[in-house]
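Listed here are the chains, written in short residue letters.
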Amino acid sequence: MKPRVLALYLPQFHPFPENDEWWGTGFTEWRSVARATPLFEGHYQPHIPADLGFYDLRVPEVREQQAQMAREAGIEGFCYWHYWFGNGKRLMERIFDEVLESGKPDFPFCLGWANHSWYAKNWNSADTKGKDRLLIEQTYPGREDIIAHYQLVRKAFLDHRYVKYGNKPFFMIYDAKNAPVEMLEIWNELAHKDGFDGVYFVGNVSYDTDINPFIQSGYCAMIKNRLLELSSERNSHFWKRQMFKLNKKYLNRPCEKFEYEEILPLLFNAQEDSQETMIPSLIPNYDHSPRSGRFGPIFHNSTPELFGILCKQVFEAVSRKENPFVMLRSWNEWGEGNYVEPDMKYGSGFLLTLKETINN
């Protein structure tokens, strides 16, 4: 079966009041991207966008160009990050609201609830625990808030562009571990009233999580975040063991640098990702240093050719599944060096690799 590739989409590249308050007037992540500098010889920084330039997502023509690029590459739709912090508080909602209201671009979409608090990290210390400044807290006020949240996304579910599995709207929850379990039952009940067969809930969890309790509680499928241990727990015993197996040099490195070719085996698990209840991820590249300097994980020498190896493995794994969803992480996370949009070094290389692999 042909893979159904969904690309995580960051609706951030435009000014909004909270960012102005926290980081200065007019801030977007382009500021961090443009000022990034190499941390070692051969380090690819800064990453400069090519075809689309340093775009502003408030411009409809940019969103149309993105959709056309994704369509040509074989991507089925964008999975827009969606922010609901409880009690009706949202952030970065303008872009998706405009897509929904305008009907353009006419390109499939779904939502991924980024249900986590936002912090301003103190990257001047290797141990940032307890030193982060809370910007906005994720809360779970209860049943009425769950219903209000559904009523907000209901219009998106009813849009003809919304991605579905059968007659179930696809909805991803980033932090499945802390999301209220009762949400699944309530939303499924409300979705049935709207003519759906429920919601296709997809939970995101860390690499070592037993997914069975989540499936039993109502999730339809799960994604294992194999970036999580790199980006949030740099001293993870798991990663130290894996890196030691690959190359002892990783245990005492001046920054969080990993050769992409060597960590490819860690980005895909054939046994897990072939299961119907698992959705594999495609990770083309990653470099968190624009945000966090030498404390950010860096996938060094990630190329379209090496990405093609991962694509082939993942697409082979889903070819025999009834659920052939694949999550591309990400479309445009430029601040994390995690994107497939054209840049000045590789051009459209990652998109062309994706297209060629899907069609073979």
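As the structure is a prediction and not an experimental result, all values here were calculated from the model. (Residues numbered from 1 in each chain as written. Predicted model: local features only at pLDDT ≥ 70, side-chain atom pairs only at ≥ 80, totals over all residues. Heavy atoms only, no water.)

## Notes on the nonpolar core
So, step 1. With 110 residues, the main nonpolar core has I75, F170, F171, W187, L282, W331 and L354 as its most contacted residues.
So, step 2. The element contributing the most residues to this core is helix α13 (residues 304-318), with eight residues. (Core = buried A, V, L, I, M, F, W, Y, C linked by side-chain atoms within 4.5 Å. Buried < 20%, exposed > 50% of the residue type's maximum accessible area, 1.4 Å probe, protein only. Helix = DSSP H or I, 4+ residues; strand = E, 2+ residues; numbered from the N terminus.)

## Section: empty space enclosed by the protein
So, step 1. Applying the stated criterion across every chain, the model contains four cavities of 30 Å³ or more.
So, step 2. Here the largest cavity defines a volume of roughly 110 Å³.
So, step 3. Along the walls of the largest cavity sit 14 residues, with L8, N204, I223, S281 and R329 positioned nearest its centre.
So, step 4. For the lining of the largest cavity, the leading source of residues is strand β9 (residues 221-225), giving three residues.
So, step 5. Considered class by class, the residues forming the lining of the largest cavity number eight nonpolar, three polar and three charged. (1 Å grid on protein atoms, 1.4 Å probe; cavity = no way out; pocket = protein on both sides within 12 Å on 5 of 7 lines; lining within 4 Å. Points joined across faces, edges and corners; volume = space filled by probe spheres on them. Nonpolar A, V, L, I, M, F, W, Y, C, P; charged D, E, K, R; others polar.)

## Regarding the packing of aromatic side chains
So, step 1. Using the criterion set out here, one finds 43 aromatic pairs in the structure.
So, step 2. Their ring planes at 65° and their centres at 4.9 Å tell us that F170 and F325 sit as a pair that is edge-to-face. Taken together, the residues F170 in strand β7 (residues 168-173) and F325 in strand β13 (residues 325-328) connect sequence positions 155 residues apart. Side by side, F170 and F325 carry an identical accessibility label, which is buried.
So, step 3. The ring of Y44 has K345 sitting right over it, with the charged end atom 4.7 Å from the ring centre. (Phe/Tyr/Trp six-rings, centres within 6.5 Å; stacked < 30°, edge-to-face > 60°. Lys NZ or Arg CZ within 6 Å of the ring centre and 35° of its normal.)

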